[in-house]
Amino acid sequence: MPDYTAPTRDLAFVLNEVLDVKAMDIPGYGDLAPDFTGAILEEAGKLAREVLAPLNASGDREGCRLENGVVYTPAGFKDAFAAMKDGGWNGLDLPEEYGGQGLPYLMNAAVGEIFVSANMAFNMYQGLTHGAIGAILTHGTDEQKSTYLPKMVALDWTGTMNLTEPHCGTDLGLLRTRAEPQPDGSYRISGQKIFISAGDHDMAENVIHLVLAKAPGGGEGTRGISLFIVPKFLVGEGGTLGERNGVSVGNIEAKMGIHGNATCVMNYDGARGWLLGELHKGMRAMFTMMNEARLGVGLQGYAVAVPAYEAAAAYARDRLQGRAVTGAENPSGPADPLIVHPDIRRNLMDQKSFLEGARAFTLWGASLIDRAHRSGDAEAEGLISLLTPVLKGFLTDKGFETAVAAQQVFGGHGYIEEQGMSQFTRDARITMIYEGANGVQALDLVGRKLATDGGKPAMAFFEMVKGFIKENEADDELKSAFLEPLKAASKDLQAAAMFFMQSGMKNPNAALSGSYDFMHLFGHVCLGLMWARMAKAARVALAAGKGDAAFYEAKLATGRYYMARQLPMTATHLARITSGADPVMALPAEAF
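My aim in this report is to walk through the structure given alongside it, one point at a time. (Residues numbered from 1 in each chain as written. Predicted model: local features only at pLDDT ≥ 70, side-chain atom pairs only at ≥ 80, totals over all residues. Heavy atoms only, no water.)

Attention shifts here to the packing of aromatic side chains. Under the definition given, this model contains 16 aromatic pairs. Consider the rings of Phe81 and Phe122, whose centres lie 6.3 Å apart with planes at 75°: the pair is edge-to-face. Taken together, the residues Phe81 in helix α4 (residues 77-86) and Phe122 in helix α6 (residues 120-139) connect sequence positions 41 residues apart. For Phe122, a relative accessible area of 2% puts it in the buried group. A centroid spacing of 4.1 Å and a plane angle of 20° characterise the contact between Tyr315 and Phe410, whose relative ring orientation is stacked. Taken together, the residues span a long stretch of sequence, with Tyr315 in helix α10 (residues 305-318) and Phe410 in the loop between α12 (378-409) and α13 (421-429) at a distance of 95 residues. You'll find Tyr315 and Phe410 in the same group, each marked buried. The aromatic ring of Phe233 is capped on one face by Arg244, whose charged end is 5.7 Å from the ring centroid. Positioned above the aromatic ring of Phe400, the side-chain terminus of Arg429 is 5.7 Å from the ring centre. (Phe/Tyr/Trp six-rings, centres within 6.5 Å; stacked < 30°, edge-to-face > 60°. Helix = DSSP H or I, 4+ residues; strand = E, 2+ residues; numbered from the N terminus. Buried < 20%, exposed > 50% of the residue type's maximum accessible area, 1.4 Å probe, protein only. Lys NZ or Arg CZ within 6 Å of the ring centre and 35° of its normal.)

In this section: the pattern of salt bridges. With the rule as written, the count across this model stands at 31 salt bridges. In this structure, the salt-bridge partner of Arg426 is Asp60, at a minimum N-O distance of 2.8 Å. In this pair, Arg426 is assigned in helix α13 and Asp60 in helix α3 (residues 56-62), connecting sequence segments 366 residues apart. For the pair formed by Arg426 and Asp60, the shared burial category is buried. Across the pair Arg539 and Asp475 runs a salt bridge whose closest N-O atoms are separated by 2.9 Å. Taken together, the positions of Arg539 in helix α18 (residues 515-543) and Asp475 in the loop between α15 (456-472) and α16 (476-503) put the pair 64 residues apart, joining distant regions of the chain. (Salt bridge = Lys/Arg side-chain N within 4 Å of Asp/Glu carboxyl O.)

Below, the discussion takes up the packing of helix α5 (residues 105-118) against helix α11 (residues 342-375). Axis separation between α5 and α11 bottoms out at 8 Å; the angle between their running directions is 155°. With respect to each other, α5 and α11 are oriented roughly antiparallel. When the axes of α5 and α11 are compared, the crossing they make is right-handed. Of the residues in α11, those in contact with Tyr105, Leu106, Ala109, Ala110 and Glu113 of α5 are Arg359, Leu363, Ala366, Ser367, Ile369 and Asp370. (Axes fitted to C-alpha atoms, helices over the stretch in contact; angles between N-to-C directions. Parallel < 35°, antiparallel > 145°, perpendicular 65-115°, else oblique. Left-handed = near helix turned anticlockwise from the far one by under 90°. Contact = heavy atoms within 4.5 Å.)

Phi at Asp20 takes a positive value of approximately 50°, unusual for a residue other than glycine. Within the fold, Asp20 resides in the loop between α1 (8-18) and α2 (34-52). If you check the backbone angles, Asp453 has positive phi at about 55° while not being a glycine. Of note, Asp453 is situated in the loop between α14 (438-449) and α15.

Our next topic: the pairing of strand β5 (residues 187-197). Note: strand β4 (residues 178-181) against β5, four bridges, orientation antiparallel. The residue bridging Glu180 from the neighbouring strand is Arg188, located in β5. The antiparallel pairing of β4 with β5 creates a hairpin that spans five residues between the two strands, and Gly185 there sits at a positive phi of about 95°. Sheet topology note: the β5/strand β11 (residues 263-276) ladder contains nine bridges and is antiparallel. Looking at the pairing, Ile189 lines up with Ala271 of β11. (Pairing = 2+ DSSP bridges.)

It is worth spelling out α18 at this point. Owing to its 3.6 residues per turn, the α-helix aligns residues three or four sequence positions apart on the same side. With 29 residues, α18 extends 42 Å from end C-alpha to end C-alpha; this agrees with the ideal 42 Å at 1.5 Å per step. In terms of burial, α18 is a largely internal element, 22 of the 29 residues being buried. Two residues or fewer past α18, Gly545 is found with a positive phi of approximately 65°. (Expected span 1.5 Å × (residues − 1).)

Okay, here's the thing in structure tokens:
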């Protein structure tokens, strides 16, 4: 299995020089001095390198097993989980009153990249708990918060989200799980849920399930759905554990990847549950978590490809194959290293330019979530809601593509399990599917988010890009290599949005047929903006003689590559969008 080294230098560059977080007017950001954030990143990197990454391949090979109703995780996971608990990593950005450290969500995202890259399947146990905590924080009663949150923040207990059923995935209005009210105010939950990540395991004392179910009187469709807290073990006074609840694991799914995470079929047989939030308003409670949850999956999408790229770059430097067309570069050896060949360079530059752009995009998105939540900034809330399907859909599509590209550098050796490259592609694949499949993300972007609040968030994004270009156009080098390509790409995005406005009302299929291309077009513009901002920061650092000139020069060269070789894809996506619905809808269903 390839080694993993956390990209702490690049994370620090984005935090301190691109975003300049300490100077941002967001509560808590004034504490994010470079020395402080650097120490957090280094400690996370150490845990990832020494504890989590060594379990990645073995966890993939061993997987989880169900024996006599008990789910067992792979060897080493329990000790790694204890190390995660002891370090307080789950509570990094959670409220101090429940045992957290109260740092901004941004730091959770930065550290999250490191942990996902080291061992995505393992990190999901913590990540899903974090999401469940968010729902209880937002919608729970004071009693529910005091009962569940201290134990969940400490990782004594973990959490899940139970949505999907065998007959319904995205269309939750079809779900059949029922909640029958009881005289004591609790409910009896009955039904079956599938694809429940971290549904059960042997690393924590209790598992707190958040379950969507229909209670009487709610009507049909999603309006009748409520959200319930259903613990594996019933909880008594002071957090003491009582008898086993009526919830059990029916099976562990046999999956393509993330074998180290127990993806369970959960059976609820009259399990006791307690309403979380308002009755029949479960979808509202669920959607309050969506921006963070979907940004988290977008982060997974690119983060799992980071160690794949690291391995591919190392292999390309070492593996001797063929001679450079311009003459031998390793004349004393039998062949030159792979990295001398232009197509290998192209492949690696595709990977590097995407991953570094994705990192900046994700951390910027995390800062928007902080601005919305910590400052009550409605404009930031609107912008991150608009960008969330782009973060999730674009980054996971391209992240999987990047993992495949890294595997390709190894040739036939990349197809052999021994090298570990296939695990990255298998693990990355799920990110395109869960937390809302990417086709649904595209439909959400075009069908809902683009027109939200009369299109104000979209217009604010266009104005932000326009403002950045105007503010920096006096820098001729930045202008020619970064600002002009960004301007052209932004115009393509605006033209696509205008096409939807003009055609969508008359023919909705015309808009929805282009939704997937629009999501990718938008993603490229966002990465183009990030690269322009990174290029500006690198040029400022070089002009100031900050040192580490090689890092900044590499950053500029990588950015120029993205702007020249990747950003022009916006024109292709625009051409597909403006072709309308006819090419897509021409065939009758029976012709497929």
